[in-house]
Amino acid sequence: MDTTDVVETLDNLVADATDHHYSPYTRFDWVDELAEEQWWMTPDLLTVAGTRHARELDEKQLMRLSKWESINFFSLNIHGIRELLIEVTRRIHTRGFELPSEFFHRFLGEENGHMWFFAQFCLRYGGKIYPDKSLPVATPEEDAAVANFLVFARILIFEELVDHFNIRMGRDTTLHPLIREVNQVHHDDEWRHIIMGRKLVGLLYEPLRERGDQELRERLDVYLRRYITASVQSLYNPAVYRDAGVPEAFAFREELLRDPARAAYHETFFKRITRFLVSQDIITASPFQEAAA
Amino acid sequence: MATDVIEQVRAWLLARNPEVTGIGWDEDLIDSRLIDSLDFPHLLLLLEELAGRELELTPENVVGFRTLRGIRDTVLADATGAGAVSHE
């Protein structure tokens, strides 16, 4: 396999990461407090957007919801980063990962910094990190090539979802400058991880495609589409709704997830990554296509 | 309380697995593929709703979540048990 293109991309990403290196520990001026009554998240990114609740809740209630959805969003980042730190550390400088290992050093350093500033934000302004709801001991994938592909595909999907939110909030001048900055700084690093992720996912999928095992490809297609759906569902957290003062939080979540208006939002969140995965013939369609139709 | 709500858990699992007609008390929900890692957060949120509190999940106590008996006897047995964070 010709890897010239990959080597060149990785070299450029390493050079860019070196040029833009910063200390996360001194990068932000943490304010003493953030008032609850303000937008903590772009209203259009809230899980109620497009539903009757966005119209029926008053602005003060929506702002309170935006606070806790923002803490949940950063908490999800923390848990996602934990998984990717573990999985990338497991693979750096091992056979098959010689090419990206130099970049992995930058990646791990940056992700550790991101996890730190997201945790700072949650703990300083929310007083907590929402717990991870995923299964602590997942069933291991026995096929190493499949496991490697799935790890980097999951990382890429997670980063693309987060990046959509970061880009929107980094530009949203109605948000507090600190909230904008946290999102912008994350995006400024994350684009490199996404470029690397796409290269890696393409490279790791190729040998699986060459096996000619249609059953395996269908299994991966179904799994990744379900993973995308599960990722978006993690944004809907009953604990958030309770903290925002919404009664019947579990039923509220179920109602939002069933609301047909939400499908178009979900489609938008994952537009870039589904287009990429479909173009690579890795998944057959967007998981939200039927819901949005 | 636990006996009443366990049927809701069983019904929820059966609804997600229309090809399955029954689930034994000691059937491992994960090994038998009634739920997988992607479904698990849904189950956890349902159990929290039924328990009326947030449930702490650790590698040590996850075994209690893997069977209907474990869910009935440990997860949903006592809404004021150790590690509970009340919704109220």
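Counting of residues starts from 1 at the beginning of each chain's written sequence and follows it residue by residue. Here the convention is simple: chains get letters from A, ligands get numbers from 1, in the order in which they are written. At least 70 in pLDDT is required for a residue's local features to be given in this predicted model, at least 80 for side-chain atom pairs to be given and counted, and no such filter applies to totals for whole chains, interfaces and linings, which use all residues.

Quick word on the overall build of chain B
And then number 1: Numbering of helices and strands runs from the N terminus, with a helix taken as a DSSP run of H or I at least four residues long and a strand as a DSSP run of E at least two residues long. For chain B, the helix and strand inventory stands at three helices and two strands.
And then number 2: Overall, chain B shows an N-to-C arrangement of helices and strands of α-α-β-α-β.
And then number 3: Per-residue burial over chain B gives 22% buried out of 88 residues.
And then number 4: Sequence-distant contacts, at least 24 apart, represent 63% of the contacts inside chain B between residues at least 6 apart. Three classes are used. A residue is buried when 20 or more other C-beta atoms lie within 10 Å of its own, exposed when 12 or fewer do, and partly exposed in between, with C-beta atoms placed from the backbone. Remark: residues whose backbone-derived C-beta atoms lie within 7 Å of one another are considered to be in contact.

Digging into the nonpolar core
Residues and elements named next belong to chain A.
And then number 1: If you look at the biggest cluster of nonpolar residues, it comprises 69 residues, and the most contacted ones within it are Phe121, Phe152, Ala153, Leu156, Ile157 and Val201.
And then number 2: Of the residues forming this core, the biggest block, 13 residues, is contributed by helix H6 (residues 144-171).
And then number 3: Residues in contact with Phe121, not counting those within four places in the same chain, are Phe74 and Val182. As used here, a nonpolar core is made of buried Ala, Val, Leu, Ile, Met, Phe, Trp, Tyr and Cys residues. They are joined through C-beta atoms within 7 Å.

Topic: unusual backbone geometry
Peptide bonds are mostly trans, and most non-glycine residues show a negative phi.
And then number 1: Of note in the backbone geometry, His93(A) takes a positive phi value of approximately 55° without being a glycine.
And then number 2: For His93(A), the position within the fold is in the loop between helix H4 (59-91) and helix H5 (101-125).
And then number 3: Although it is not a glycine, Arg33(B) adopts a positive phi angle of roughly 65°.
And then number 4: Relative to the assigned elements, Arg33(B) resides in the loop between helix H1 (2-16) and helix H2 (40-51).
And then number 5: The class for Arg33(B) is exposed, based on 12 C-beta atoms found within 10 Å.

Points about helix H1 (residues 4-19) of chain A
For an α-helix the count is 3.6 residues per turn, leaving residues at separations of three or four pointing the same way.
Residues and elements named next belong to chain A.
And then number 1: The end-to-end C-alpha distance of H1 is 23 Å, a good match for the 22 Å that 16 residues give at a rise of 1.5 Å each.
And then number 2: Those residues of H1 that sit buried are Leu10, Leu13 and Ala17. Burial along H1 is one-sided: seen end-on, the buried residues are contained in an arc of 65°. Among the exposed residues of H1, those oriented more than 90 degrees off its buried face are Thr4, Asp5, Glu8, Asp11, Ala15, Thr18 and Asp19.
And then number 3: Along its buried surface, H1 packs onto H5 and helix H7 (177-210). Any helix carries an expected span of 1.5 Å times its number of residues minus one. Throughout, the arc means that of the directions going from the helix axis to the C-beta atoms.

Description of the confidence of the model for chain B
Residues and elements named next belong to chain B.
And then number 1: Across chain B, the average pLDDT comes to 85, with 84% of residues at or above 70.
And then number 2: Within chain B, the lowest mean pLDDT, 50, falls on strand S2 (residues 85-86), and the highest, 94, falls on H2.
And then number 3: Confidence of the prediction at every residue is given by pLDDT, a number between 0 and 100. pLDDT under 50 marks residues 79-85. Its contacts with residues more than four places away, or in other chains, come to eight contacts.

Regarding the packing of H4(A) against H5(A)
Residue and element names in this part refer to chain A.
And then number 1: Every angle, taken between N-to-C directions, lies between 0 and 180 degrees, and every axis is a line fitted to C-alpha atoms, over only the stretch in contact when it is a helix. Contact pair H4 / H5: the axes reach a minimum separation of 9 Å and the direction vectors enclose 155°. By the angle between their axes, H4 is roughly antiparallel relative to H5. Where H4 crosses over H5, the two elements pack in a sense that is left-handed. Side by side, H4 and H5 meet where Ile71, Phe74, Ser75, Asn77, Ile78, Ile81, Leu84, Leu85, Val88 and Thr89 of the first sit next to Phe104, Phe107, Leu108, Glu111, Asn112, His114, Met115, Phe118, Ala119, Phe121 and Cys122 of the second.
And then number 2: Broken down by class, the residue content of the contact of H4 with H5 amounts to 15 nonpolar, five polar and one charged. Just so you know how the angles are binned, under 35 degrees is roughly parallel, over 145 roughly antiparallel, 65 to 115 roughly perpendicular, and the rest oblique. Note on convention: the crossing is left-handed when the near helix lies turned anticlockwise from the far helix by less than a right angle, right-handed when the turn is clockwise. Polarity classes work like this: nonpolar for Ala, Val, Leu, Ile, Met, Phe, Trp, Tyr, Cys and Pro, charged for Asp, Glu, Lys and Arg, and polar for all others, with Gly in that last group.

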